[in-house]
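Chains, contacts and geometry: an overview
So the chains spell out like this:
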Amino acid sequence: MGAGIAQVAAQAGHVVKLLDNRPGAAAKAVDGIRSQFAKLADKGKLSAEAAQAAGERLVAVEQLADLADAALVVEAIVENLEAKQKLYADLEAIVGADCIFGTNTSSISVTAIGSALQRPERLAGLHFFNPAPLMALVEIVSGLATDRAVADTLFATANAWGKTAVHAKSTPGFIVNRVARPYYAEALRVAQEGAADYATIDACCREAGGFRMGPFELMDMIGHDVNFAVTNSVWRAFYNDQRFLPSLIQQELVDAGFYGKKTGRGFYDYREGAVKPVPQTEAPQTPAGKITVYGECDIAEAMVDRLQHSGLSFGRALASDGRLLEIGRAVLYITDGRSATQRASQSGVANTVLIDLALDYAKATRLAVAAAEQCDPTAMSAAVGLLQAAGFAVSRFLDVPGLAVMRTVAMLANEAADAVNQGVCTEKGADQAMRLGVNYPQGPLAWADQVGVAAIRDVLANLGTSYGEDRYRISPLIQRAVFAGRNIHD
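Just so you know, the residues in each chain are numbered from 1, in the order the chain's sequence is written. With pLDDT at 70 or above as the cut-off, local features in this predicted model cover only qualifying residues; side-chain atom pairs require 80 or more to be listed or tallied, and sums for whole chains, interfaces and linings still use all residues. Side-chain figures throughout are based on the complete set of non-hydrogen atoms in the structure, without hydrogens or water.

Turning to the environment of alanine 370, a few remarks are in order. Every helix listed is a DSSP run of H or I at least four residues long, and every strand listed is a run of E at least two residues long, numbered separately from the N terminus. On the secondary structure map, alanine 370 appears in strand 13 (residues 366-371). For the pair alanine 370 and glutamate 469, spaced 99 residues apart in the sequence, the C-alpha separation amounts to 23 Å. Setting aside its immediate chain neighbours within four residues, alanine 370 contacts Ala340, Thr352, Val353, Leu354, Phe397, Leu398, Asp399 and Leu403. By definition in these notes, contact holds between two residues if any of their heavy atoms fall within 4.5 Å.

And the structure:
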């Protein structure tokens, strides 16, 4: 990470001094960065002259005293509060009064790091994401004592380096590591309840939700030792808030030393000869029965377009109970956070089939579905056949509330809304952070506006009722938006 940040700064035109407590490590890093500049030149992304000049701006040094003329000191050392406090306390006696301290901590309180300094106002978080040269986001994190001018200077500096900076307040997880927790947590809960296997949940998140990686393959890539530690850190920092509760499934993997790709085993087996699991996909079914598409919303129009291409005949109608499709005796709804069984009982529609959320129903290639326990198997078969005829691979889940994508998006939006409501960041900052920091297909608050803030509120309320847990409490920001009849971004 330190080498990546140095590469970004040198390419932007700064003289950069690198210091490491391991003998020879800084010089090795300089050689590595220069090699990266040469590769960029070979690919035509930098001129040969620019690559040479950037490489010459890198200087390996051997002691803190060599940093006396620095205008900005960025540390990317071990994630340990005492180590960071000591480093910056030592630097205070060396650098000038105008030198800014930018900690790249991903989880430690900037306020706590600054508390050991004589001038904590000069310290702020400058949190890059790995790999720093490629990832666009930088979180500018203000501690309680951080001077606003310091935060603004770092914000402008990161933007000048070609990054997108967002302001954040020093709270556990800042923006990204806080708001991202539900992406892992809800998938782990769905898996723990036996609703679907890892490969199927991953496939639905990618092919319906539009995420680049499913939650289980992403955790395997990050490493469970790291991902589980961050979850535990955020959970403890929020005084064991159930919203951040760690998973027993991941605890088992950590206890076993199955950290993911780097150890050869995680949720998946990466050892030589291992067979890669495939998502569960329903066998082809026949779409038997009269077909009706209800409503005129974007989802209904997407279904109309797909059915027209399938060659199936269908009618259109309006409905007051939220139904989307009907085929024979089967009635299909978008999940609202209730189980299909509960919804069937409350509506009196025994043959209830629920469809999961998709980022774009016109382009999605897979959908998760669940049937009520009251649903006749032939009705479920017809519903699956209808979705297959519309071009979807269909993955059947056990009847878990909210399925996979809907409950995940609702919780991501809820956590982002709480971060905004608590003054951690702005609505725009939250969405930018999640799109650029973890490559989400859409910012969670913009996604909530697309789905409908009232619909997200209902999903959360229904999940809360289903589980009886404070985990699904609704952010006041979402509540206010619903009561005001507005979008979050209005």
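When DSSP finds at least two bridges between two strands, those strands are taken to pair. Strand order in the open sheet made by the seven strands is 9-8-10-11-12-13-14, with mixed pairing throughout. The open sheet has two free edges, formed respectively by strand 9 (315-317) and strand 14 (393-396), since each of these has just one partner strand. Neighbour-to-neighbour, the strand axes of the sheet open up by a mean angle of 25°, direction not taken into account. With four bridges joining them, strand 11 (residues 330-334) and strand 12 (residues 352-355) adopt parallel strand pairing. The partner of leucine 332 across the bridge, within strand 12, is valine 353. Together, strand 8 (291-294), strand 9, strand 10 (325-327), strand 11 and strand 13 form the strand contacts of helix 13 (residues 298-310), whose direction differs from that of strand 8 by roughly 150°. The angle between two axes is taken between their N-to-C directions and runs from 0 to 180 degrees, where each axis is a line fitted to C-alpha atoms and a helix contributes only its stretch in contact.

Our focus in this paragraph is the pattern of salt bridges. Each salt bridge in this description consists of a side-chain nitrogen of Lys or Arg and a carboxyl oxygen of Asp or Glu lying within 4 Å of one another. Summed over all chains, the structure comprises 27 salt bridges. A salt bridge links arginine 22 to aspartate 20, with the shortest nitrogen-to-oxygen separation between them at 2.9 Å. Among the residues examined, arginine 22 registers a relative accessible area of 52% and is labelled exposed. Think of it in three bands: with a 1.4 Å probe and only protein chains considered, a residue is buried below 20% of the maximum accessible area for its type, exposed above 50%, and partly exposed in between. When its relative accessible area of 28% is taken as the criterion, aspartate 20 is described as partly exposed. Arginine 206 is paired through a salt bridge with glutamate 207; the nearest N and O atoms lie 4.0 Å apart.

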